[in-house]
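These are the residues of each chain, in order.
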Amino acid sequence: MSARLDLIEVFASAQGEGPYVGASTVFVRLGGCDLRCSYCDSPGTWLPAKRWRLETAVGSGEFETFDNPASIEELEAALKRLDFARQRFVSVTGGEPLLQPHAVRALGELVAATPARFLLETHGLAVEALEEVIDCVDVVSMDWKSPRDARYAGAGNEAEFASQHKRFLEIAKANSEVYVKLVVTEETTADEVVGVARAIAEVDPTIPFVLQPVTPFAKVRTSPGPEQLLPLLQRAQEHLADVRLIPQTHRAYGAL
Ligand code: SF4
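Everything in this summary refers to the structure shown in the same document.

Calculation rules
Along each chain, numbering runs from 1 in the same order as the chain's sequence is written. It should be noted that, the model being predicted, local features are given only for residues of pLDDT at least 70 and side-chain atom pairs only at 80 or more, the latter also being counted only at that level, while totals for whole chains, interfaces and linings use all residues. Only heavy atoms go into the side-chain values, all of them from the structure, while hydrogens and water stay out. Stacked, tilted and edge-to-face are the three classes applied to pairs of Phe, Tyr and Trp rings, where Trp contributes its six-membered ring and a pair requires centres within 6.5 Å; stacked means planes under 30 degrees apart, edge-to-face means over 60, and tilted covers the rest. Under the DSSP-based scheme used, a helix requires at least four consecutive residues in state H or I and a strand at least two consecutive residues in state E, with every element numbered from the N terminus. Only Lys NZ and Arg CZ are tested; either one counts as a charge over a ring when it is within 6 Å of the ring centre and within 35 degrees of the ring normal. It suffices for a single heavy atom of a residue to lie within 4 Å of a molecule or strand for the residue to be listed as near it. Grid points spaced at 1 Å and placed over the protein atoms alone form the basis of the search, with a cavity being a set where a 1.4 Å probe fits but cannot get out and a pocket an open set showing protein on both sides within 12 Å along at least five of seven lines. Lining residues have an atom within 4 Å of a point. Criterion for pocket placement: a molecule counts as inside a cavity or pocket if more than half of its atoms are within 2 Å of its grid points. Polar here means any residue other than Ala, Val, Leu, Ile, Met, Phe, Trp, Tyr, Cys and Pro, which are nonpolar, and Asp, Glu, Lys and Arg, which are charged; Gly is therefore polar. Here the rule is simple: two strands pair whenever DSSP picks up at least two bridges between them. Helix axes use the C-alpha atoms of the stretch in contact, all axes being lines fitted to C-alpha atoms, and the angles between their N-to-C directions lie in the range 0 to 180 degrees. By definition, residues are in contact when any of their heavy atoms lie within 4.5 Å. For a helix, the expected span equals 1.5 Å multiplied by the number of residues minus one. For every residue, the accessible area obtained with a 1.4 Å probe (protein chains only) is divided by the maximum for its type, and the residue is called buried under 20%, exposed over 50%, and partly exposed between those limits.

On inspection of all chains with the given rule, the structure shows three aromatic pairs. Ring centres 4.8 Å apart and planes at 50 degrees place the aromatic pair Tyr 20 and Phe 89 in the tilted group. Here Phe 89 lies in strand E7 (residues 89-93) and Tyr 20 lies in the loop between strand E2 (7-14) and strand E3 (24-30), a separation of 69 residues in the sequence. Positioned over the ring face of Phe 63 is Arg 53, at 3.7 Å from the centre of the ring.

Looking at the ligand, the residues that line it are Cys 33, Leu 35, Arg 36, Cys 37, Cys 40, Trp 46, Gly 95, His 123 and Lys 145. Judged by its atoms lying within 2 Å of the grid points, the ligand is housed in the largest pocket. In terms of residue class, the shell around the ligand is built from five nonpolar, two polar and two charged.

In spatial order, the strands read E5-E4-E2-E3-E7-E8-E9-E10-E11-E12; together these ten strands make up an open sheet with mixed pairing. Looking along the sheet, the strands with just one partner apiece sit at the ends: strand E5 (63-67) and strand E12 (243-245). The mean angle between the axes of side-by-side strands here comes to 20 degrees, regardless of whether they run parallel or antiparallel. Both strand E8 (residues 117-122) and strand E9 (residues 139-143) contribute to a ladder of four bridges, which runs parallel. Note on E9: the bridge partner recorded for Glu 121 is Ser 141. Across the sheet, helix H2 (residues 101-112) is in contact with E3, E7 and E8; its angle to E8 comes to roughly 155 degrees. Packed onto the sheet, helix H5 (residues 190-203) meets strand E10 (177-184) and strand E11 (209-213) and runs at close to 155 degrees relative to E11.

A few words now on H2. Over its twelve residues, H2 runs 16 Å from end to end, which matches the ideal 16 Å to within 8%, given 1.5 Å per residue. Taken residue by residue, H2 has Pro 101, Ala 103, Val 104, Ala 106, Leu 107, Gly 108, Leu 110 and Val 111 as its buried positions.

The subject of this paragraph is H5. Between its first and last C-alpha atoms H5 spans 20 Å; for 14 residues at 1.5 Å apiece the expected length is 20 Å, and the two agree. Among the structural elements, helix H4 (158-175), E10, E11 and helix H6 (226-236) are those in contact with the buried residues of H5.

The analysis is restricted to geometry; functional conclusions fall outside its scope.
So, in structure tokens, the structure goes:
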């Protein structure tokens, strides 16, 4: 094993988003992202960091720091300190984990030797990188992004983003469990949500679709209200079998 990883942090918590909300999870956050979403709540992950931090024990909230890049052996030792084999999930997040597919694969192989499930959180645009790692991923948590979020290599306008997302979703669906999340801001329109729901349905109408109201952070001061969210839920479920409205929950127990 020789993979080197640009890490931001490794910590234990409960899953704060999506259909597995509340499940015990060790998070491995990788550094670097090629989008710049206006609502991003982790801008400190956009660039690789010189050092990464490890929570000293589950729930301690205390951290030790180490130099980047980390070796896979260092990561394995960190995971063991957080008893990763006894958690329901190990989640690789970011940043964008698929900028380091070798790291995702190395981590996936560690998790595969345990009962924990390996969950990939991703912006859902890096199709070639997904193909490199999908055989070691149990669950793909795919965000649906738009050009409003940022330009992406090979995908500049709405149609190109949608086409890239659909290719990504097809690969994920064929090889693992997958669900799609859409962050809903006050600017999100019903036409946008219906467009995403239709595109998902063209891949498979049973893929779960999570509408996630944006959590106020930094420049985002407000969150959409029920008068916006509940009609979006109604419109989306005209096209898909499993649409859910799930806010982020991790702030409730002090996680970032
Ligand atoms: S893809 Fe994720 S980490 Fe990257 S800018 Fe968007 S929200 Fe932030």
